[in-house]
Amino acid sequence: MSVFNGKGNKSGEEEELVEVCGGRRVDENASDGSEDSSEDEEGERLERESEGEESAVKRIGKGEVWMLGVRHSLVEEFAVVRSYESSLFWLTYRADFCEMAPYGIRSDAGWGCMLRAAQMVLAHALRRHCKGPSWTPPRSLKQRRADPFLRDLLTWLADVPHPHCFYSIHKMVAAGLPLKMLPGEWYGPTTASHVLKTLTHMHSNHLRTHVAPNATLYKQAVHQLMDEHHAHSHARTHEQPLAHPLQIRSSASPRTHHWDKALLLLVPLRLGLKTFNHTSYAQTLATTFSLPQSLGFIGGSPRHALWFYAASADGQSLYGLDPHTVQTAPVLAHKNKKSTPTNDSVIRFDDAYLRSVHCDRPSVMDMSKIDPSLSLAFYCKHHDDFHTLCTSIQRMNEHCSQQNKPILFDILQAPPDYDADVSHVMAEMCFADSNDEDDDNGVGTDEDMQQLSDEDDYVML
C-alpha cells in the first residue's frame, strides 16, 4: 500500500471556509488491543508505531486536521488523535467465510474493498447513533466482550449466514444483485451507497438512508423518507406539487417534521472527469470534515477503496482506514442452529476477532491522488440536525461562489416535475404580460379594443 506525503501549510482561505461550523473534542479513552500480545509482537508493533509517528511528524509539521467534526493539531494532540483512530472500527477483507452459492466464492479479497469501506461508514453511523460522538470501546478485551453494543454491532457486521447478521458481505452482495452487480465484481461508491440504503431499509430499527441523486440534495425527498408514517396522509392533502420551472407557487406555512429514526445521508459525487480536480475541490472537500454531522467519505484511488475519516485543514492530505488486509472470518457459536436465542451469542467473540476490528496504522493519502468518484456521508440524529447541515452546506456553496469555485453539491427544496401540466400557468403568464403592455401603451377602452379587433384577429394558442 502506497502512502503519499502531503503538506501542512495553513491558508487564509481555509480559516475563512471552516467558519461555517464549530468543532468539538474527542475523549482520550481508546483501546490499544495489545494486552495479550507476545513480547516479540509487542516490540514489532511499538517499533512500527515509532517509525510511523516520526514520519508523520516530519510530514505534517504544525498542520491541523479535521476528524469527523473535530479539529486537532497533529503535533500538540498527536496521542489523542492516534488513540481515537485506533478506536475506529476497521473492517477488512475476510477469508474462509460460508460459500456464496452458486458462485463458489469464500473470500472478498480483490473485489470487496468498496463494500468494506461502506461497512465502516455504517459502523460509525451506528456507533454515533447508539453511543454518542465521543464514545470509545473499552480498553480490555474482557470488557469489550461483555459490552452489549459491541456484541450487537459485531454480530450485525459478521460474515456468517445468520438472520441477525444484517450487514454481512453476503447480505451486501445480495442487495447488489438488483443493481446488476454479481459477487466478485468491483463496486463503485454510488452502487455501494445504494446497497447501504437497501440494507438499512430492511433493518430499520435505527437508521434510514437517503442517497442524493445527481449531486443534488432535495429536502422534500428527505422529509418524505423520514416522515414515512405521515406520507400517506400528507399525499391525501394534496399539498403543493413538485416544483416545475414555470410553476407559480404561493407561500405556505412550514410543516412540523416528525422523525422517528436517524438519517444516514449519502451524496455520491464525481469531482473531475478522469482525475480529481484538486485545484477546484480540495479545500471545500476538506472542510466537509469540519461539519459535526460528517462521517467522511468512501472513495480512494482507482480500484483501491478506503474509508476516509479525516483531512488536513489545508486540503492536502486524507486519513483513512484501508480494508486491503485479509483476515479470517468469524464463525458461528452454534453451527447446528439455524436460529439463536436472543440471550445467546450468534458468533464467537474470541480475542482474535475482537482485535481484528481495530487498526493502529491508519493510511495517509495525498488528496490529489484520489479517484474523482466518491460518496460523502453524513449522520443527522433529528430534523434540527439536518437543518443545521443544510445551512452549513449552503454557506459553503456561497463561499465557493464568491471564490469562483464549483460547489460540491446543491441543495434544493424539491425536484422539478417536467411531466406536470402547466398550461394554465403559461396562460396566466402570457395574459399578465399582455395586460402590462396594454397599460404601458394606453390601450384599454372598449372603443380602442374594438378598433384593434377590426384590424386584426389574434388567436391565443
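Enquirer: Quick rundown of the overall build of the chain? Include the residues and the values.
Expert: Scanning the chain from N- to C-terminus turns up 15 helices and 14 strands. Here the contacts in the chain between residues at least 6 apart in sequence split such that 74% fall between residues at least 24 apart. Accessible surface, the chain: about 22,900 Å² in total, of which carbon and sulfur atoms supply 50%.

Enquirer: Please set out the pairing of strand E9 (residues 304-312) residue by residue, giving values where relevant.
Expert: Of all nine residues that make up E9, eight are buried, and the element is covered over most of its length. As paired strands, strand E1 (residues 64-67) and E9 are joined by three bridges and run antiparallel to one another. Bridge pairing in E9 links Val-65 to Ser-312. Across five bridges, strand E8 (residues 294-301) lies against E9 in antiparallel orientation.

Enquirer: Give a description of the pattern of salt bridges that names residues and reports values.
Expert: Counted according to the given criterion, the structure contains eight salt bridges. A salt bridge links Arg-116 to Asp-108; its shortest N-O distance comes to 2.7 Å. Look at Arg-116 and you get buried, because its relative accessible area is 2%. Using a relative accessible area of 0% as the deciding quantity, one classes Asp-108 as buried. The residue Lys-261 makes a salt bridge to Asp-260 at a minimum N-O spacing of 3.7 Å. Here Asp-260 falls in the partly exposed class, since its relative accessible area comes to 44%. Overlapping salt bridges, with partners in common, bring together Asp-108, Arg-116 and Asp-159 in one network.

Enquirer: Explain the nonpolar core residue by residue, including any values.
Expert: Formed by 73 residues in total, the largest nonpolar core has its most connected members in Leu-115, Leu-207, Leu-264, Ile-298, Trp-307, Tyr-309 and Leu-321. Broken down by element, this core gets its largest block of residues, 11 residues, from helix H4 (residues 113-131). Look past the residues within four positions of Leu-207 in its chain and what remains in contact with it is Leu-122, Ala-125, Leu-126, His-129, Thr-200, Lys-261, Ala-262, Leu-264 and Tyr-379. Listed in part, the 39 residues of the second largest apolar core include Ala-313, Leu-376, Phe-378 and Leu-408.

Enquirer: Run through helix H8 (residues 189-202), naming residues and quoting values.
Expert: Note on helix geometry: an α-helix contains 3.6 residues per turn, so any two residues three or four positions apart are oriented the same way. In this model, H8 (14 residues) spans 20 Å end to end at C-alpha, consistent with the 20 Å of a helix rising 1.5 Å per residue. Turning to H8, its buried residues number three or more, namely Pro-189, Ala-192, Ser-193, Val-195, Leu-196, Leu-199 and Thr-200. Each buried residue of H8 lies within a common arc of 155 degrees when the element is viewed along its axis, so the set occupies one face. Of the residues in H8, the exposed ones pointing more than 90 degrees away from the buried face are His-201 and Met-202. Where H8 is buried, its residues contact H4, helix H7 (169-176), strand E5 (207-211), strand E7 (262-270), E8 and strand E13 (373-380).

Enquirer: Describe in detail a nonpolar patch on the surface, supporting the description with residues and values.
Expert: Taken together, the side chains of Tyr-103, Leu-177 and Leu-182 make up a nonpolar region of the molecular surface, amounting to roughly 260 Å² of accessible area. Here Leu-177 is to be found in the loop between H7 and H8. With a relative accessible area of 39%, Leu-177 lands in the partly exposed category.

Enquirer: Any details on the sheet that holds strand E3 (residues 93-100)? Residues and values, ideally.
Expert: Read from one edge of the open sheet, three strands run E4-E3-E11, paired in mixed fashion. If you trace the sheet from one side to the other, it starts and ends with strand E4 (105-107) and strand E11 (326-328), each paired once. Ignoring strand direction, the axes of neighbouring strands in this sheet form an average angle of 40 degrees. In this structure, E3 lies alongside E11, joined through three bridges in parallel fashion. Looking at E11, one finds that Tyr-93 is bridged to Val-326.

Enquirer: Break down the packing of aromatic side chains for me, citing the residues and quoting the values.
Expert: The full count for this structure, using the stated rule, is seven aromatic pairs. A centroid spacing of 5.4 Å and a plane angle of 90 degrees characterise the contact between Trp-135 and Phe-149, whose relative ring orientation is edge-to-face. In this pair, Trp-135 sits in the loop between H4 and helix H5 (141-146) while Phe-149 sits in helix H6 (residues 148-157), placing the two residues 14 residues apart along the sequence. Each member of the pair Trp-135 and Phe-149 is classed as buried. The interplanar angle of 40 degrees and the centroid separation of 5.8 Å between the aromatic rings of Trp-259 and Phe-386 together place this pair among those described as tilted. Taken together, the residues Trp-259 in the loop between helix H10 (231-236) and E7 and Phe-386 in helix H13 (residues 383-402) connect sequence positions 127 residues apart. The residues Trp-259 and Phe-386 share a single accessibility class, namely buried. An aromatic cluster of at least three residues, connected via ring pairs, comprises Trp-156, Phe-166 and Tyr-167.

Enquirer: So what about unusual backbone geometry? Which residues, and what values?
Expert: The linkage connecting Ala-101 with the following residue, Pro-102, adopts the cis geometry, with an omega of 0 degrees. Within the secondary structure layout, Pro-102 lies in the loop between E3 and E4. Even without glycine at this site, Asn-214 takes up a positive phi of about 55 degrees. A relative accessible area of 75% places Asn-214 in the exposed class. The residue Asn-404 is not glycine, and still its phi comes out positive at about 60 degrees. Along the polypeptide, Asn-404 turns up in the loop between H13 and strand E14 (410-412).

Definitions and limits used
- Residue indices begin from 1 for each chain and proceed along its sequence in written order.
- Local features in a predicted model are, by the rule used here, given only for residues with pLDDT of at least 70; side-chain atom pairs are given and counted only at 80 or more, and totals for whole chains, interfaces and linings are based on all residues.
- Based on all heavy atoms of the structure, the side-chain values leave hydrogens and waters out of the count.
- Each helix is a run of H or I in the DSSP string that is no shorter than four residues. Each strand is a run of E no shorter than two, and both are numbered from the N terminus.
- In this description, contact between two residues means that some pair of their heavy atoms is separated by no more than 4.5 Å.
- Throughout, the Shrake-Rupley method with a 1.4 Å probe supplies accessible areas, and for residues the shown protein chains are the sole cover considered.
- The buried label goes to any residue with under 20% of its type's maximum accessible area, the exposed label to any with over 50%, and the partly exposed label to all in between, with areas taken from a 1.4 Å probe on protein chains only.
- A pair of strands is treated as paired once DSSP finds two or more bridges between them.
- Criterion for a salt bridge: a side-chain nitrogen of Lys or Arg within 4 Å of a carboxyl oxygen of Asp or Glu.
- The definition of a nonpolar core used throughout is a set of buried Ala, Val, Leu, Ile, Met, Phe, Trp, Tyr and Cys residues joined through side-chain atoms within 4.5 Å.
- One less than the number of residues in a helix, times 1.5 Å, gives the span that helix is expected to have.
- What the arc measures is the spread of directions leading from the helix axis to the C-beta atoms.
- A patch consists of residues whose relative accessible area exceeds 30% and which take part in no salt bridge; residues with like charges are grouped when within 9 Å of each other, and nonpolar side chains (Val, Leu, Ile, Met, Phe, Trp, Tyr) when within 5 Å.
- Where helices are involved, their axes are fitted lines through C-alpha atoms of the stretch in contact, as for all axes, and angles between N-to-C directions lie from 0 to 180°.
- Centre distance within 6.5 Å is the pairing criterion for rings of Phe, Tyr and Trp, where only the six-membered ring of Trp is used; planes under 30 degrees apart are then read as stacked, over 60 as edge-to-face, and the remainder as tilted.

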